[in-house]
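Single-letter residue listing:
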Amino acid sequence: MRVAIDGRRLQDSPLTGVGRWIANIVPHLAELADVVVLTDRRRRTPTNPVRLQSLRAPPGTPEVVWLHASAGPWLSRFPGIFHGTFNALPATYRGRAVVSIFDLSFEIHPEDFSYAKRLIFAWQARSAADRAVAVITISEHAKRSICDTYHLDPEKVLVAPPAVDPVFSPDRIADLGPIARRFGIEAPYVVAIGGARRRGLEVAVEAWGRLPKKLATRQLVVVGREAPPAIPRVVHVGRVDDLTWSALLAGADALCYPTRFEG
């Protein structure tokens, strides 16, 4: 069996959740099939143990154009199955395909997306869900959401919960010392996550400001691009690599994550 995979999320740095999922699942898939990972030539080359196929996109065009204008024509000559790993299949592709949809945040919480991105994401996901032979998602909650929104037969949507990346281990606390010193972090501390508005960083920070005095000695360590307000005992470390992220989690007393929607 030959399988081509949309590898764009492997080209993110640092990897997002989808990129980490692809990076970990591809070696296992490669034991069962002849796998080729399709990448955007304009972006960094990912470190991957399987064959890569770099495809050129028209200069100056957004990433989405690569899928439809570059991957689509290449796949028309590919005698195998395509796995759309990020909610989408090429518009002109009519071969066999599966698509992974982790959540429908762009449908259920459109306020978190620009108008153009919301339209593109929704159109791509609806089209892909309709044309794919199967839709892969990560939870029963996400499956119900996909079936209800896109009116799919539940038999078409398969739940495959992702495992924990081996880098995330309690043992990672052994490497916390130099990382904590670099960012000025003092134990005990709690971790919060910035990023998409639905992740609720503002809720975490507001709650932190209401802590009783006996807990006010702790720090709130915020990971992610979104910077919190400059208030005492809140430390923003920004986006970090996986080794740093896993050590920060291993050393934390707790994770404060008041998200209003996840897959």
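Each remark here, short or long, concerns the structure printed above.
Residues numbered from 1 in each chain as written. Predicted model: local features only at pLDDT ≥ 70, side-chain atom pairs only at ≥ 80, totals over all residues. Heavy atoms only, no water.

Caption draft 1: Region of interest: the sheet that holds strand S7 (residues 157-159). One open sheet accounts for seven strands, arranged S3-S2-S1-S4-S5-S6-S7; its pairing is parallel. Every other strand in the sheet has two partners, leaving strand S3 (51-55) and S7 as the edge strands with one partner each. Taking each pair of neighbouring strands and ignoring which way they run, the sheet shows an average axis angle of 25°. The sheet contacts of helix H1 (residues 17-30) involve strand S1 (2-6), strand S2 (34-40), strand S4 (81-84) and strand S5 (97-100), and relative to S1 the element is tilted by about 175°. Along the sheet, helix H2 (residues 63-75) contacts S1, S2, S3 and S4; its crossing angle with S2, the most-contacted strand, is approximately 145°. (Pairing = 2+ DSSP bridges. Helix = DSSP H or I, 4+ residues; strand = E, 2+ residues; numbered from the N terminus. Axes fitted to C-alpha atoms, helices over the stretch in contact; angles between N-to-C directions. Contact = heavy atoms within 4.5 Å.)

Caption draft 2: The arrangement of the pattern of salt bridges in detail. Tallied over the entire structure, the rule returns 19 salt bridges. Residue Arg8 pairs with Glu63 through a salt bridge whose shortest N-O separation is 3.3 Å. With Arg8 in the loop between S1 and H1 and Glu63 in helix H2, the pair connects residues that are 55 residues apart, well separated along the chain. The salt bridge partner of Asp112 is Arg260, with a shortest N-O separation of 2.9 Å. Residue Asp112 is located in the loop between helix H3 (105-108) and helix H4 (115-131), and its partner Arg260 is located in the segment after strand S11 (254-256); the two are separated by 148 residues in the primary sequence. Salt bridges here are not isolated pairs; linked through shared partners, they connect Asp6, Arg8, Arg9, Asp12, Arg43 and Glu63. (Salt bridge = Lys/Arg side-chain N within 4 Å of Asp/Glu carboxyl O.)

Caption draft 3: Geometry of the packing of aromatic side chains. Applying the stated criterion to the full structure yields seven aromatic pairs. Ring geometry for Phe106 against Phe121: centres 5.7 Å apart, planes inclined by 85°, an arrangement best described as edge-to-face. Taken together, the positions of Phe106 in helix H3 and Phe121 in helix H4 put the pair 15 residues apart, joining distant regions of the chain. Like Phe121, Phe106 is buried. Taken together through their ring pairs, the aromatic side chains of Phe86, Phe106, Phe113 and Phe121 make up a single cluster. Between the NZ or CZ atom of Arg9 and the centre of the ring of Phe86, over which it lies, the distance is 4.7 Å. (Phe/Tyr/Trp six-rings, centres within 6.5 Å; stacked < 30°, edge-to-face > 60°. Buried < 20%, exposed > 50% of the residue type's maximum accessible area, 1.4 Å probe, protein only. Lys NZ or Arg CZ within 6 Å of the ring centre and 35° of its normal.)

Caption draft 4: Here's a closer look at the sheet that holds strand S10 (residues 234-238). Strands sit in the order S10-S9-S8-S11 across an open sheet of four strands; the sheet is parallel. Both edges of this open sheet fall to S10 and S11, since each of them pairs with a single strand only. With strand direction ignored, the average angle separating the axes of adjacent strands in the sheet is 30°. Helix H8 (residues 242-251) contacts strand S8 (189-193), strand S9 (219-223), S10 and S11 of the sheet and is inclined by roughly 135° relative to S8.

Caption draft 5: Layout of unusual backbone geometry. Looking along the chain, the bond that leaves Ser13 and enters Pro14 is cis, with omega of 0°. Here Pro14 shows up in the loop between S1 and H1. The step from Ala187 to Pro188 runs through a cis peptide bond, and the omega angle for that step is 0°. Relative to the helices and strands, Pro188 resides in the loop between helix H6 (176-183) and S8.

Caption draft 6: Region of the structure containing the pairing of S5. Residues of S5 alternate between two faces, with Ala97 and Val99 on one and Val98 and Ser100 on the opposite face, all of them buried. Summarising the sheet, S4 and S5 pair through three bridges and their orientation is parallel. Across the sheet, the residue bridging to Gly84 is Val99, located in S5. Two strands pair when backbone bridges link them, and S5 and strand S6 (residues 134-137) are joined in this way by three bridges, in the parallel orientation. Directly across from Ser100, in S6, lies its bridge partner Ile136.

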